[in-house]
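Each chain, written out:
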Amino acid sequence: MTISQIHKLFLDSKGVSTDTRKISKNTLFFSLKGENFNGNTYADKALESGASFAIIDEPEFKTSDKHILVNNTLKTLQDLALYHREFLGITIIGLTGSNGKTTSKELINCVLSSKFKTTATIGNLNNHIGVPLTLLSMTQETEIGIVEMGANHQGEIESLCAICKPDYGYITNIGKAHLEGFGGIEGVLKGKTELYRHLKQNDKAVFINIEDQKLVNASSGIKSFSFSQTSKSDCTIKLIEANPNVIVSYQNLIINSNLIGVYNFTNIAAAIAIGNHFNTPPNAIKGAIESYIPTNNRSQIIKKDSYTIILDAYNANPSSMEAAINNLTTLNDNNKIVFLGDMFELGSEAKAEHQKITNLITNTSVNEIYLLGKNFFQTTSNDPRVKKFESFENLKSNWKLKNKKVTILIKGSRGMQLERILNLLN
């Protein structure tokens, strides 16, 4: 069966599914494979649960006309997504970067959805499976699609661009993320800017923060729409303050966001600039930015008893960790405590990068410093404020923090699950 024929079945369905535990009736089930499972073995269950067809890639599982045999189910899912993207012919904005991808995507979606019918990546479904699922969630009503693309190895952004064919691209920044997979910071730059190279080859355009010289250099020769705090750019957005919430000015409007930290200014500015490029009314942009409230452990401000908690435990790398610490030092609060959890996927750089963060935090006026995880546990410090715990369980059993009026930063990689600290604060 050709992709064109499968696409006709798709249009007659209610979408695609890849998990029999969450299947909906009249969907196309794709029997994907993983390290510990073979989706083909679930094809019959999917049909029993209401799927209209099951896409399989192993002949022995084809027992009815409801089973569609292909060479590779993942490749077929990706080919179907590309076919659907071209069938719709809508404007696609692709974005990637080391930090701030998801926050930027959500802000851009908030702004553009105030004028257009948009479809954006849900959560962080931004990989070789998530991007096709995002494209296949778009309909003929969608006017602009916003596709987040994640990667931890070179070549991945290039392959995702080949599937979604973005008309515009935005890279948030280049930082010390996934150093192990990319092969160092230069590898990160080369991998993330695969988006730029795709756009240049296809005569498309980028949105660029001209105050980021590294990205300015990398985007040379590509059609661009620029933003910054200066009048030298196509769109000017100025930072007023971030203490803790980010407040910006744009076209004589003051925009009070619910995001904290100077590091979120660029995420907000990018959303404003992209809205500006698509002629979104300034007041609509203001309303959209002010209505966005961060969730999912990303730069959340939580008030609990006498604590003001900055929960930023969705992810962490040396660049975002440094930004969070620097932001904490700018806050006016006198009493400050930090909980820092291990940063993952740093490879051979892990020991050095964790030590750098330990040195950075001990050079601040933070009152108490709690370091969690095997990497932080191995760092050295003679500072009496530093308490190191190899695991959350060790922290939990040695808890001594007393209830007092204090600002607390909680920051670590997703695998550390540092949001569990909230249950200890009472």
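Residues numbered from 1 in each chain as written. Predicted model: local features only at pLDDT ≥ 70, side-chain atom pairs only at ≥ 80, totals over all residues. Heavy atoms only, no water.

A closer look at the environment of Thr358
Mapped onto the fold, Thr358 is located in helix 14 (residues 350-362). When sequence neighbours within four positions are dropped, the list of residues in contact with Thr358 reads Leu371, Phe376, Thr379, Thr380 and Ser381. (Helix = DSSP H or I, 4+ residues; strand = E, 2+ residues; numbered from the N terminus. Contact = heavy atoms within 4.5 Å.)

Considerations on the pattern of salt bridges
All told, the structure shown has 15 salt bridges when counted by the stated rule. Across the salt bridge formed by Glu106 and Lys105, the nearest N and O atoms sit 3.9 Å from each other. One connected set of salt bridges, linked through shared partners, spans Lys33, Asp57 and Glu58. (Salt bridge = Lys/Arg side-chain N within 4 Å of Asp/Glu carboxyl O.)

Details of the domain arrangement of the protein chain
Size of an interface: often given as the accessible area lost when the parts come together. Split into domains, the protein chain comes out as domain 1 (3-72), domain 2 (89-291) and domain 3 (300-424). Taken over C-alpha atoms, the centre of domain 2 sits 28 Å from the centre of domain 3. Every contact between the two is made by 17 residues of domain 2 and, on the other side, 20 residues of domain 3. In total, domain 2 and domain 3 occlude about 1500 Å² of area from one another, counting both sides; carbon and sulfur atoms represent 51% of this. Our count for the domain 2 to domain 3 interface comes out at 0 salt bridges. The tally of links from domain 2 across to domain 3 stands at 2 residue pairs in polar contact (both at pLDDT 80 or more). Taken together, the residues of the side of domain 2 that touches domain 3 break down into 7 nonpolar, 8 polar and 2 charged. (Domains from an automatic or database assignment. Buried area = accessible area lost by both parts, 1.4 Å probe. Polar contact = N/O pair within 3.5 Å; in protein donor to acceptor, adjacent residues only side chain to side chain. Nonpolar A, V, L, I, M, F, W, Y, C, P; charged D, E, K, R; others polar.)

Some remarks on the layout of surface pockets
If you add up the space inside the second largest pocket, you get close to 370 Å³. What lines the second largest pocket is a set of 19 residues, among which Val16, Ser17, Thr18, Leu125 and Leu133 lie closest to the centre. Of all the elements in the fold, those that place two or more residues in the lining of the second largest pocket are strand 1 (16-17) and helix 5 (130-136). At 4 residues, the largest contribution of residues to the lining of the second largest pocket is made by helix 5. Tallied by class, residues from the lining of the second largest pocket come to 7 nonpolar, 9 polar and 3 charged. Two domains each put at least three residues into the lining of the second largest pocket: domain 1 (3-72) and domain 2 (89-291). (1 Å grid on protein atoms, 1.4 Å probe; cavity = no way out; pocket = protein on both sides within 12 Å on 5 of 7 lines; lining within 4 Å. Points joined across faces, edges and corners; volume = space filled by probe spheres on them.)

Section: the environment of Tyr370
By the secondary structure assignment, Tyr370 is in strand 20 (residues 368-372). Sequence-wise, Tyr370 and Ile410 are 40 residues apart; in three dimensions their C-alpha atoms are separated by 9.5 Å.

Concerning helix 1 (residues 3-11)
Of all the positions in helix 1, only Ile6, His7 and Phe10 are classed as buried. For helix 1, the angular spread of buried residues about the axis comes to 105°, placing them on one side. Among the structural elements, strand 1, strand 2 (28-30), helix 3 (73-88) and helix 5 are those in contact with the buried residues of helix 1. (Buried < 20%, exposed > 50% of the residue type's maximum accessible area, 1.4 Å probe, protein only. Arc of directions from axis to C-beta.)

Some words on the UniProt feature "binding site: ATP" (unreviewed entry) in the protein chain
Taking the UniProt record as the reference, the feature "binding site: ATP" (unreviewed entry) is found at Gly97, Ser98, Asn99, Gly100, Lys101, Thr102 and Thr103. Inspection of the secondary structure puts Gly97 in the loop between strand 7 (91-96) and helix 4 (101-112). Apart from residues lying up to four places away in sequence, Gly97 is in contact with Ile171, Thr172, Asn173 and Lys192. Position of Gly100 among the secondary structure elements: in the loop between strand 7 and helix 4. (UniProt positions renumbered as here; feature names shortened; annotations may be inferred.)

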